[in-house]
Amino acid sequence: GVQGCLYLAALLGAQARRRPIAPTRRLAMEALDTLRTQNVIALVPTPDTTEPFAKWSVTPLEGIRWRLGWDAYEEERLLPALEEHLEGVARDEPGQEIRLALWRQLAGGEAESFFRRQLSKHGFNETWSQDLGYARSHLGTEISTAQWRYVAWAAVRKGASHILTQMPNPDALREVIYNELNRRAAYVASGQWGKCALPPYHPWPDSSLAAVFMRHLADLDWAYWSQVPSMDNLRTAWRDQ
């Protein structure tokens, strides 16, 4: 399937080019577990295995031990074959639905990854980054990844400001940041703060999964960040190329 090909290409690309597999570790593990259930790869040998660790690969940044279990291609020819297959995915309705689902998945990961970096920058608990997923569900509509980056940035600044004056305990501080996520997102979604967005300095994402998606499946350019994932925006991005 297209999703499995994208995930495997992302894994091989991360291994070859020293990139993170996906924007978040959770999304990386979701991709690898999908490949594992399809018997395309094996993950972390069981304790009773007699096979030496030297035969397993280790992802360069996440440190995940894995081994290819699919022999349809020679390993050195596999990544180009996967990329060629992704470039040939039709732009018909089923193909576009697949692209849209993957774009939405990546949009959530990119926003959470940015939120995590902002939390870390200010010395807050990085695990709070999962709260952005709850804020996205609570909003009940979609805003762009660049807008979520703004919301995350503003919410962490609110927390940093609050701690200077109130010195709350960590649970209370987490609630302050989470409530600010919800408040800012609601204003942005309503259109009242329509210009509040923080796109990155260049359109190309850092992770292997997003890079393969952009380069070989859906070259959205800046729309990847600035537009809400939707079928109309997917079509518009391609018409503008």
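In what follows, the accompanying structure is described. Note that the structure is predicted; figures quoted are calculated from it, not measured. (Residues numbered from 1 in each chain as written. Predicted model: local features only at pLDDT ≥ 70, side-chain atom pairs only at ≥ 80, totals over all residues. Heavy atoms only, no water.)

## A short note on the environment of Arg65
Among the structural elements, Arg65 can be located in strand S3 (residues 65-68). For the pair Arg65 and Leu43, spaced 22 residues apart in sequence, the C-alpha to C-alpha distance is 6.1 Å. (Helix = DSSP H or I, 4+ residues; strand = E, 2+ residues; numbered from the N terminus.)

## Remarks on the nonpolar core
One recurring pattern in soluble globular proteins: nonpolar side chains tend to sit buried together. Counting residues in each nonpolar core, the largest one holds 47 residues, and the members touching the most others are Leu8, Ile41, Phe213, Leu220 and Tyr224. The element contributing the most residues to this core is helix H1 (residues 2-17), with 10 residues. Residues contacting Phe213, with those up to four places away along its chain left out, are Leu6, Arg99, Leu102, Trp103, Leu106, Ala218, Leu220 and Tyr224. Counting residues in each nonpolar core, the second largest holds 24 residues, with Ile143, Trp148, Ala154 and Tyr178 among its members. (Core = buried A, V, L, I, M, F, W, Y, C linked by side-chain atoms within 4.5 Å. Buried < 20%, exposed > 50% of the residue type's maximum accessible area, 1.4 Å probe, protein only. Contact = heavy atoms within 4.5 Å.)

## Considerations on helix H5 (residues 131-139)
Listing the buried residues of H5 in full gives Asp131, Leu132, Ala135 and Leu139. Seen along its axis, H5 keeps its buried residues to an arc of 100°; they face one direction. Every exposed residue of H5 that faces more than 90 degrees away from the buried side is listed here: Tyr134 and Ser137. One or two positions beyond H5, positive phi appears at Gly140, with a value near 80°. (Arc of directions from axis to C-beta.)

## Side note on the side chain of Gln118
Among the structural elements, Gln118 can be located in helix H4 (residues 93-121). Judged by its relative accessible area of 10%, Gln118 is buried. Leaving out residues up to four positions away in the same chain, Gln118 has contacts with Trp153 and Val156.

## Things to note about the pattern of salt bridges
In this structure the tally under the stated criterion is 9 salt bridges. Among the ionic pairs, Glu142 bridges to Arg104, the shortest N-O distance being 3.5 Å. On the criterion of sequence distance, the pair formed by Glu142 in the loop between H5 and helix H6 (145-166) and Arg104 in helix H4 is long-range, its members being 38 residues apart. One salt bridge connects Arg184 with Glu180, and the closest N-O pair in it is separated by 2.7 Å. One end of the pair is Arg184 and the other is Glu180, both in helix H7 (residues 170-190) and 4 residues apart, which spans about a single turn. We note that Arg184, like Glu180, is buried. Three or more residues joined by partner-sharing salt bridges are found here, namely Glu93, Asp232 and Arg235. (Salt bridge = Lys/Arg side-chain N within 4 Å of Asp/Glu carboxyl O.)

## With respect to the packing of aromatic side chains
Taken as a whole and judged by the stated rule, the model has 4 aromatic pairs. Between Tyr187 and Trp193 the ring centres are 4.5 Å apart and the planes differ by 15°, which places this aromatic pair in the stacked class. Take Tyr187: its relative accessible area is 30%, and that puts it in the partly exposed class. The residue whose ring lies beneath Arg149 is Trp225, and the NZ or CZ to ring-centre distance is 5.6 Å. Taking the ring centre of Trp204 as reference, the NZ or CZ of Arg215 above it sits at 4.5 Å. (Phe/Tyr/Trp six-rings, centres within 6.5 Å; stacked < 30°, edge-to-face > 60°. Lys NZ or Arg CZ within 6 Å of the ring centre and 35° of its normal.)

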